[in-house]
Amino acid sequence: KATVSVLYWKMKFATLCGLPLLALALPGEHCNMDKYPTTYPPTMENMTMPHYNINLDLHPEERWSEIATTYKTGIHTLVNTFLNHSVGGPNTKLGHLVKELLDIDHYRLLEKVGEEYAGEIRGIAKYADLDIGYATIFQAVYELEGLCTSIVAQDAEGKIFHGRNLDFGLFSGYNWTDGEGGFPGEWDLTEALRPLLFTASFQQRGVTIFNSTQFAGYIGIHTGSKAGVFGMSVDSRFDNNFDEYLLKWATTNYSATLLTLATRDALMTATSYDDAMKQLTTFKPVGPSYIIMSGVKPGQGSVITRAPGTTVPLDVWDLAGRLQNGSYFVLETNYDHWKKPPIFDDRRTPGMDCMENIGQANFNGIEDLWKVLSAGPNLNRLTTFTWLLDPLTGETVSYKRRCIGVHGGKGVPGSGTWKYGCAIW
């Protein structure tokens, strides 16, 4: 049978047929920082996000009331966009998958996530005036699609830094009637997601337990940190079994955990990097993924490669080993690090080239991660935000991103607009 991964690349090539060659991966094999000038911190006002405190002392159905009410219109826009065409329509394998999920009794799915999280989902549905089935399926959206870049690096003094771009919306279709910077079009789902971004502090008794960057309506954690303990980001991974295990989880008594609920549990309960690593390498995930971890001590960083249906990770690629081999970072996009990325979506090679060009001796933490994550194709038209973390101090910042501009246009340093254009993914 056709697999999700095969469908994924077929859809990429189908999209490719309708797009100018200029707008594709752009990277070649080299770093592009010189072609994408930027400054840190950025000065554009529309890049900042609002901040909310999530009071975990409240009843679960009340925790997201302010956010669900504030972002009600945007949540509806996002859900409608996703349901209408975010997976390529009803005639694709992913389209059938979403339809099957929607046909499942939502009460059964709520039981799968546990009463506390089920209560939060019910509260979002209530305050956003959203169908409870849609609110529930929305929690699996990151399991269905996403493209990202995550980096963990250690400076010359042994301090760890973590950064990520979250790219989302590939299967949502490209809207040729919109667009900025002289280039027609935007990804529909990406455009629906950006207005829903905010940063959050999850608190108990007035004390922050962990921080995250969120999309309104979503209770899981794809990007988060626990000050002085660890940070984590998750990148999508595509394999041949995802649809099988997702439907098995949704329709039978098969026991597994949604990725971003497992990461939220770890952020809530782990008391050390090692504790978090143990939790996130031993749970049974619903779907495949990469979990990128950063700690507070030299050498504490890793890329955990997970497959569905097992409590044993496929691979743990650790920073300590990289340091022994003369490197100072790990970088993950959406492909197994021991395999070559496809030539039509190679964000890994230019990103690694940028990091190697900087070198550990000159690596300046958050500022240099910002520069690498601001260079194409790691910054592209699917990028919704950039997140940067100092795990030891807990300093964390997130900025909305929009990569606009085409070849021959004018660049605006710091804005995400460049004369060398933006890859569509």
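Anyway, here's the lowdown on the structure attached to this text. Predicted model, so just to flag it, every value in this text is computed and none were measured. (Residues numbered from 1 in each chain as written. Predicted model: local features only at pLDDT ≥ 70, side-chain atom pairs only at ≥ 80, totals over all residues. Heavy atoms only, no water.)

## Observations concerning helix α12 (residues 273-282)
Within the sequence span of α12, burial applies to Tyr273, Ala276, Met277, Leu280 and Thr281. Angular distribution of buried residues about the axis of α12 spans 120 degrees; they occupy a single face of the element. Away from the buried face of α12 by more than 90 degrees, exposed residues Asp274 and Lys278 are located. Residues of α12 that are buried sit in contact with β9 (230-236), α11 (259-269), β10 (289-294), β11 (301-306) and β12 (315-318). (Buried < 20%, exposed > 50% of the residue type's maximum accessible area, 1.4 Å probe, protein only. Helix = DSSP H or I, 4+ residues; strand = E, 2+ residues; numbered from the N terminus. Arc of directions from axis to C-beta. Contact = heavy atoms within 4.5 Å.)

## Details of the pattern of salt bridges
All chains considered together, the criterion is met by 15 salt bridges. When the shortest N-O distance is used, the salt bridge between Arg63 and Glu120 registers 2.7 Å. Pair noted here: Arg63 is in the loop between β1 (51-55) and α2 (65-70) and Glu120 is in helix α6 (residues 115-127), with a separation of 57 residues, a long-range link. Accessibility assignment for this pair places Arg63 and Glu120 in one class, buried. Where Lys339 meets Asp336, a salt bridge forms, and the shortest distance between an N and an O atom there is 3.6 Å. Through salt bridges with shared partners, one network takes in Arg63, Glu116, Glu120 and Arg264. (Salt bridge = Lys/Arg side-chain N within 4 Å of Asp/Glu carboxyl O.)

## Section: the side chain of Asn334
For Asn334, the position within the fold is in the loop between β13 (329-332) and α14 (348-358). There is a polar contact of 2.9 Å between the side chain of Asn334 and the backbone oxygen of Ser236. Engagement of the side chain of Asn334 in a polar contact is seen with the side chain of Arg347, the distance being 2.7 Å. (Polar contact = N/O pair within 3.5 Å; in protein donor to acceptor, adjacent residues only side chain to side chain.)

## Notes on the packing of aromatic side chains
The final tally for this structure, using the stated rule, is 14 aromatic pairs. Members of the aromatic cluster, joined through ring pairs, are Phe161, Tyr328, Phe329 and Phe363. Geometry around Phe283 places Arg306 over its ring, the cationic atom sitting 4.9 Å from the centre. A cation over a ring is seen here: Arg322 above Phe329, with NZ or CZ 5.1 Å from the ring centre. (Phe/Tyr/Trp six-rings, centres within 6.5 Å; stacked < 30°, edge-to-face > 60°. Lys NZ or Arg CZ within 6 Å of the ring centre and 35° of its normal.)

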